[in-house]
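Listed below, chain by chain, are the residues.
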Amino acid sequence: MTESDSVIATGKVVHFRYTLTAADGKILDRSGDEPLPYLHGEENIVPGLEAQLEGKKSGDKLRAVVAPEDAYGERMDSAEQRVPREAFPPEAEITVGEQYAATGPDGENVPFWVKAIENGEIVIDLNHPLAGETLTFDVEIISVRDASEEELAHGHVHGEGGHHHH
């Protein structure tokens, strides 16, 4: 195993642990017992974090501060909308705070978040809940390996947890 094998670069699968805090110090998210895998160079994680992990290696610890435009974007003012309950499939469970996806005009996935349910109307927000936030990731790199051909073809990690996205 040469040194260059274990450096984070495009086409490497990286397992890392992290704690994500907001600018006010509130913990927003953290990896669980198992390190989180991602495929570097495919924007599996927020671009600003990916950029700061480039060139790091197994065992490294770092604190990455990521501006909104390199994370979940700035907040859009007009992103909040009210839609009737009928706009959702009747069997859909609507939960405040959950992410859903609508289909856009070109068949693309448009994620949105349910902010509130009021009088049979659902208040949705196209902003990611962390839009406009400067994020701090405290990261520990657990391992770095070459991605398999299949992983490279699909653009994400296989194996641990399959296709699960947080």
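As the structure is a prediction and not an experimental result, all values here were calculated from the model.

Visitor: Looking at this model, I keep getting lost on the overall build of the protein chain. Mind explaining?
Guide: Looking only at helices and strands, one finds 2 helices and 9 strands in the protein chain. Across the 166 residues that make up the protein chain, the buried fraction comes to 34%. Within the protein chain, residue pairs in contact and separated by at least 24 positions form 62% of the contacts whose partners lie at least 6 positions apart. If you sum the accessible surface of the protein chain, you get close to 10,000 Å²; carbon and sulfur atoms cover 48% of it. If you average the places of the 13 positive and of the 33 negative side-chain charges in the protein chain, the two averages end up 7 Å apart.

Visitor: Help me out: how do you make sense of the packing of aromatic side chains in this one?
Guide: Aromatic ring pairs are defined here through the distance separating the ring centres and the angle between the ring planes. What the rule picks out here adds up to 6 aromatic pairs. The interplanar angle of 35° and the centroid separation of 5.6 Å between the aromatic rings of Phe16 and Tyr18 together place this pair among those described as tilted. You can call Phe16 buried: its relative accessible area is 1%. Each ring, one from Tyr100 and one from Phe112, has its centre 6.0 Å from the other, and the planes form 25°; the classification is stacked. One end of the pair, Tyr100, is in strand β6 (residues 99–103); the other, Phe112, is in strand β7 (residues 109–118), and 12 residues separate them in sequence. Summarising the burial analysis for this pair, Tyr100 and Phe112 share the class buried. Each residue in the set Phe16, Tyr18, Tyr38 and Phe137 is aromatic and connected to the rest through ring pairs, giving one cluster.

Visitor: What should I look at first to understand unusual backbone geometry in this one?
Guide: With the exception of glycine, most residues fall at negative phi, and the peptide bonds are largely trans. In this model, Glu43 sits at a positive phi of 55°, which is unusual for a non-glycine residue. By the element assignment, Glu43 lies in the loop between β3 (36–39) and α1 (47–53).

Visitor: Help me understand the sheet that holds β6 in this model?
Guide: Two orientations exist for strands paired in a sheet by backbone hydrogen bonds: parallel and antiparallel. Ordered by their spatial adjacency, 4 strands build an open sheet running β5-β8-β7-β6, and the pairing between neighbours is antiparallel. Either end of the sheet is taken by a strand with one partner, and the two such strands are β5 (80–84) and β6. The mean angle between the axes of side-by-side strands here comes to 45°, regardless of whether they run parallel or antiparallel.

Visitor: Looking at this structure, how should I read the nonpolar core?
Guide: Judged by nonpolar contacts, the single largest core of 20 residues is most densely connected at Phe16, Leu49, Leu53, Phe137, Val139 and Ile141. Taken together, the elements giving at least two residues each to this core come down to β1 (12–21), α1, β4 (61–66) and β9 (135–146). Here this core takes 5 residues from β9, the largest share from any one element. Phe137 has contacts with Tyr18, Thr19, Leu20, Val46, Leu49, Leu62, Arg63, Ala64 and Val66, leaving out every residue within four places of it along the chain. Listed in part, the 8 residues of the second largest apolar core include Val83, Phe88, Ile94 and Phe112.

Cut-offs used in this document
- Residues numbered from 1 in each chain as written.
- Predicted model: local features only at pLDDT ≥ 70, side-chain atom pairs only at ≥ 80, totals over all residues.
- Heavy atoms only, no water.
- Helix = DSSP H or I, 4+ residues; strand = E, 2+ residues; numbered from the N terminus.
- Buried < 20%, exposed > 50% of the residue type's maximum accessible area, 1.4 Å probe, protein only.
- Contact = heavy atoms within 4.5 Å.
- Areas by Shrake-Rupley, 256 points an atom, 1.4 Å probe, with all protein chains shown as cover.
- Lys, Arg positive; Asp, Glu negative; His and termini not counted.
- Charge placed at Lys NZ, Arg CZ, Asp CG, Glu CD.
- Phe/Tyr/Trp six-rings, centres within 6.5 Å; stacked < 30°, edge-to-face > 60°.
- Pairing = 2+ DSSP bridges.
- Axes fitted to C-alpha atoms, helices over the stretch in contact; angles between N-to-C directions.
- Core = buried A, V, L, I, M, F, W, Y, C linked by side-chain atoms within 4.5 Å.

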